[in-house]
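Here are the chains, one letter per residue:
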Amino acid sequence: MKKVGLYFGTFNPIHVGHLIIANHMAEFSDLDEVWLIITPQSPFKKKKSLLDNHHRYQMVFEATADYPKLKPSKIEFDLPQPNFTVNTLAYLEDEYKTGYQFSLIMGEDNLKSFHKWKNYEVILENYHLYVYPRISDKEIDHQFKDHPKIHKVAAPIIEISSTFIRKQHALGMNIKPMLPDSVWKYMDEMNFYR
């Protein structure tokens, strides 16, 4: 049974923080692989600043090329929008009937709002959550504290955001150190986020 952690995001763009978290989960937890699921449209994010799906997929593909345990995934591209995690999980279970055990990877900030997710009870009943630390003021809901299916992973706290990268890049700031080299090259050649 292959244990796969699903790391969802718009990855607009993918940055070194995403890679550090994904690699940490693949190397320092009991997960065998981490699939980076590129989300076409998050129910919680506006779409106006999103690059086309294929460009974001290409950047994730480039970023993960040297990491055999990290896999880019565009499975949500063909699913009905907006994308809800519970629907994507149902699709994956149908697509990969045997040999895979899926879990979710999320930041602690997402766990704090997890009770707002569509059918979160169903997700928690059927899947494990691997949670990495994030700095946030909100409290974790009591039902998620010490839950047997929620595993806190002592990953590094990364305070880099794609939003910050896009804004600073548009202002002409040097954001190159925050991106994998291949992503920077692709982004620069395509003149994205200027």
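Here the residue index of a chain counts from 1 through its sequence in written order. Whole-chain, interface and lining totals are the exception, using all residues; otherwise, since this is a predicted model, local features are given only for residues with pLDDT of at least 70 and side-chain atom pairs are given and counted only at 80 or more. Heavy atoms from the whole structure form the basis of all side-chain values; hydrogens and water molecules are not counted.

1. A word on the environment of isoleucine 14
- In this structure, isoleucine 14 sits in the loop between β1 (2-9) and α1 (16-28).
- The classification of residues rests on relative accessible area computed with a 1.4 Å probe and restricted to protein chains. Under 20% of the type maximum is buried, over 50% is exposed, and intermediate values are partly exposed. Take isoleucine 14: its relative accessible area is 0%, and that puts it in the buried class.
- Put simply, isoleucine 14 and valine 183 are 169 residues apart on the chain and 7.6 Å apart in space, counted from C-alpha to C-alpha.
- For isoleucine 14, the residues in contact, after removing those within four places along its chain, are Leu36, Met59, Val60, Ala63, Leu179, Pro180 and Val183. A helix here means a DSSP run of H or I that spans at least four residues, while a strand means a run of E at least two residues long, and both kinds are numbered starting from the N terminus. By definition in these notes, contact holds between two residues if any of their heavy atoms fall within 4.5 Å.

2. Looking at the side chain of asparagine 12
- Counting through the fold element by element, asparagine 12 comes out in the loop between β1 and α1.
- With a relative accessible area of 2%, asparagine 12 lands in the buried category.
- At a separation of 3.3 Å, a polar atom in the side chain of asparagine 12 contacts the main-chain amide nitrogen of leucine 51.
- A distance of 2.7 Å separates the side chain of asparagine 12 from the side chain of tyrosine 193, its partner in a polar contact.
- The residues touching asparagine 12, leaving out its near neighbours within four places in the chain, are Ser49, Leu50, Leu51, Arg56, Ser162, Arg166 and Tyr193. Polar contact is defined as a pair of N or O atoms within 3.5 Å, subject to the rule that within protein one atom must be able to donate a hydrogen and the other to accept it, and that residues adjacent in sequence are counted only when both atoms are side-chain atoms.

3. Some points on the packing of aromatic side chains
- By convention, a stacked pair of Phe, Tyr or Trp rings (six-membered ring in the case of Trp) has centres within 6.5 Å and planes under 30 degrees apart, an edge-to-face pair has planes over 60 apart, and any other such pair is tilted. Applying the stated criterion across every chain yields a total of 15 aromatic pairs.
- A network of ring pairs unites the aromatic residues Trp35, Tyr96, Tyr100 and Phe102 as a single cluster.
- When the NZ atom of lysine or the CZ atom of arginine is within 6 Å of a ring's centre and also within 35 degrees of its normal, the charge is said to sit over that ring. Geometry around tyrosine 57 places lysine 74 over its ring, the cationic atom sitting 4.5 Å from the centre.

4. Re unusual backbone geometry
- For the bond from asparagine 12 to proline 13, the omega torsion is 5°, close enough to zero to count as cis.
- Tracing the sequence through the fold places proline 13 in the loop between β1 and α1.
- Note the cis peptide between glutamine 81 and proline 82, where omega equals 0°.
- At asparagine 191, a position not held by glycine, the phi torsion is positive, near 60°.
- Summarising the element assignment, asparagine 191 is placed in the segment after α7 (181-190).
- The class of asparagine 191 is partly exposed, set by a relative accessible area of 48%.
- With phi around 60°, tyrosine 193 is a residue other than glycine that occupies positive phi space.
- Position of tyrosine 193 relative to the elements: it lies in the segment after α7.
- The buried category is assigned to tyrosine 193, whose relative accessible area is 12%.

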